[in-house]
Amino acid sequence: MSTLAWIILTSLLGGLISIFFAAILTLNTRSSWVSMLVSYAIGALLGAAFLNTLPEALGLAEDPKQITIIVLLGILLFFILEKLVLWRHCHMDECEVHDPEHGHSIYEAQGDHGRSGLMITLGDTFHNFVDGILIAAAFMVDVQLGIVTAIAIFAHEVPQEAGDFIILLNSGYSRTQALLLNLLSSTSAVVGGVLAYFMLHQLNHLVLPMLAIATACMIYVAMADLIPGLHKRPEIGATIQQVVLISLGIGSIWLVETMLKHSH
């Protein structure tokens, strides 16, 4: 089998398999559990950002400060994008954000009208595109190295994809829509892999900024969109539950990363 065929096959199958396992973990979840499991999603996002994408970008960068600047600019970019979504909603429909008499906030009715879901899908697309480039680069060195790299990449995607599912459900998307959005996002790995096969040297300079942008997206969604919702349950029991689930989300990313390093 040709190198290009290996790249396409592993990028496609790896994404499907990771989403399949993430779906098993989340799609059977009761609707009443979704808001509770948002805490786990927060932990998975922060774990993926600070234990995976950011260290990977800093390790590849000649000047770490460039990465931190891009992360900061990325957070600002996602803030602006979210504002644009809010402005569009306020002009297209009745706006709960500016209507105090409506009785509830935008975060309490129909999720958050898809804002955090859109943000996380965009960030995940960047991340998967970079994964495809990395898989292609490994296969172009050696097929065995490519297989090992693909397995490692998509193994650590499972807990993150599970978190993405929960965020999409919490944003008001149906289970089918959440699955389709994650499948659509995963195809960017194939696009990145194929492009890297034909023009790897030209794409090398995109890896670092895209990793930094993906990091910014995960941090922004977790801190700006999801954590504020947790403060609506300030009672001690709910707070303990939230801390435990956030820790489990971070721990799941750390555990997968540790196991992959040991196996490598």
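Treat the numbers as computed from the prediction; the structure is a model and nothing was measured.

Criteria and thresholds
- Sequence order as written defines the numbering, with residues in each chain counted from 1.
- Since the coordinates come from a predicted model, pLDDT governs what is reported: local features require at least 70, and pairs of side-chain atoms require 80 or more to be given and counted, while whole-chain, interface and lining totals use all residues.
- Excluding hydrogens and water, the side-chain values take into account all heavy atoms of the structure.
- Comment: elements are numbered from the N terminus, with helices defined as DSSP H or I runs of at least four residues and strands as E runs of at least two.
- Only protein chains enter the accessibility calculation, which uses a 1.4 Å probe; a residue whose area is less than 20% of its type maximum is buried, one above 50% is exposed, and one in between is partly exposed.
- Note on contacts: a residue pair qualifies if any of its non-hydrogen atoms lie within 4.5 Å across the two residues.
- The term nonpolar core refers to a set of buried residues drawn from Ala, Val, Leu, Ile, Met, Phe, Trp, Tyr and Cys, joined through side-chain atoms within 4.5 Å.
- Centres within 6.5 Å make a pair out of two Phe, Tyr or Trp rings, where for Trp the six-membered ring is used; the pair is then stacked when the planes are under 30 degrees apart, edge-to-face when over 60, and tilted otherwise.
- The span expected for a helix works out to 1.5 Å for each residue beyond the first.
- By definition, a residue's bend is the angle between the axes fitted to the seven residues ending there and the seven starting there.
- Grouping into patches uses exposed residues only, defined as over 30% relative accessible area, and leaves out salt-bridged ones; the cut-off is 9 Å for like charges and 5 Å for nonpolar side chains (Val, Leu, Ile, Met, Phe, Trp, Tyr).
- Note on areas: these come from Shrake-Rupley sampling with a 1.4 Å probe, and a residue is covered only by the protein chains present in the view.
- Think of a salt bridge as a Lys or Arg side-chain nitrogen and an Asp or Glu carboxyl oxygen that are within 4 Å of each other.
- A residue's pLDDT is the confidence the predictor assigns to it, expressed on a 0 to 100 scale.
- In protein, a polar contact means a hydrogen-donor-capable atom and an acceptor-capable atom, both N or O and within 3.5 Å, with residues adjacent in sequence counting only if both atoms are side-chain atoms; elsewhere, any N or O pair within 3.5 Å suffices.

### Things to note about the overall build of the protein
Move 1: For the protein, the helix and strand inventory stands at seven helices and zero strands.
Move 2: Traced from its N-terminal end to its C-terminal end, the protein shows the element sequence α-α-α-α-α-α-α.
Move 3: Relative to its 264 residues, the protein shows a buried fraction of 47%.
Move 4: The long-range share in the protein, meaning contacts at least 24 apart out of those at least 6 apart in sequence, stands at 83%.

### Some details on the nonpolar core
Move 1: Counting 60 residues, the largest nonpolar core has Ile42, Leu45 and Val221 as the members making the most contacts within it.
Move 2: Elements with a minimum of two residues in this core: α1 (3-26), α2 (31-60), α3 (64-92), α4 (115-141), α5 (143-170), α6 (175-230) and α7 (236-263).
Move 3: With 19 residues, the top contributor of residues to this core is α6.
Move 4: Those residues in contact with Ile42, other than ones at most four positions away along the chain, are Ala222, Leu226, Ile227, Leu230 and Ile246.

### Points about the packing of aromatic side chains
Move 1: Tallied over the full model, the rule gives two aromatic pairs.
Move 2: On the numbers, 5.9 Å between centres and 20° between planes, the contact of Trp6 with Phe139 is stacked. Taken as a pair, Trp6 in helix α1 and Phe139 in helix α4 lie far apart in primary sequence, 133 residues in all.
Move 3: An angle of 85° between the planes, with centres 5.0 Å apart, marks the rings of Tyr197 and Phe198 as edge-to-face.

### Comments concerning α6
Move 1: An ideal rise of 1.5 Å per residue puts 82 Å on 56 residues; α6 reaches only 22 Å between its terminal C-alpha atoms.
Move 2: For α6, the principal kink sits at Leu200 and spans about 115°.

### With respect to a nonpolar patch on the surface
Move 1: Among the surface-exposed residues, Met1, Leu9, Leu12, Leu13, Leu16, Ile17, Phe20, Phe21 and Ile24 lie close enough to one another that they form a single nonpolar patch of about 850 Å² accessible area.
Move 2: With respect to the secondary-structure elements, Leu12 resides in helix α1.

### Some thoughts on the confidence of the model for the protein
Move 1: Per-residue pLDDT for the protein has a mean of 79; in total, 83% of the residues score no lower than 70.
Move 2: Taking the mean pLDDT of every element in the protein, the minimum, 77, falls on α5 and the maximum, 85, on α7.
Move 3: The low-confidence segment residues 96-111, where pLDDT is below 50, has 29 contacts with residues more than four positions distant or belonging to other chains.

### A short note on the environment of Thr187
Move 1: Tracing the backbone shows Thr187 in helix α6.
Move 2: Sequence separation of Thr187 and Leu16 is 171 residues, and the distance between their C-alpha atoms is 9.1 Å.
Move 3: At 2.5 Å, the side chain of Thr187 and the backbone oxygen of Leu184 are in polar contact.

### Notes on the environment of Leu13
Move 1: Mapped onto the elements of the fold, Leu13 is located in helix α1.
Move 2: C-alpha separation for the pair Leu13 and Val190, spaced 177 residues apart in sequence, amounts to 9.7 Å.

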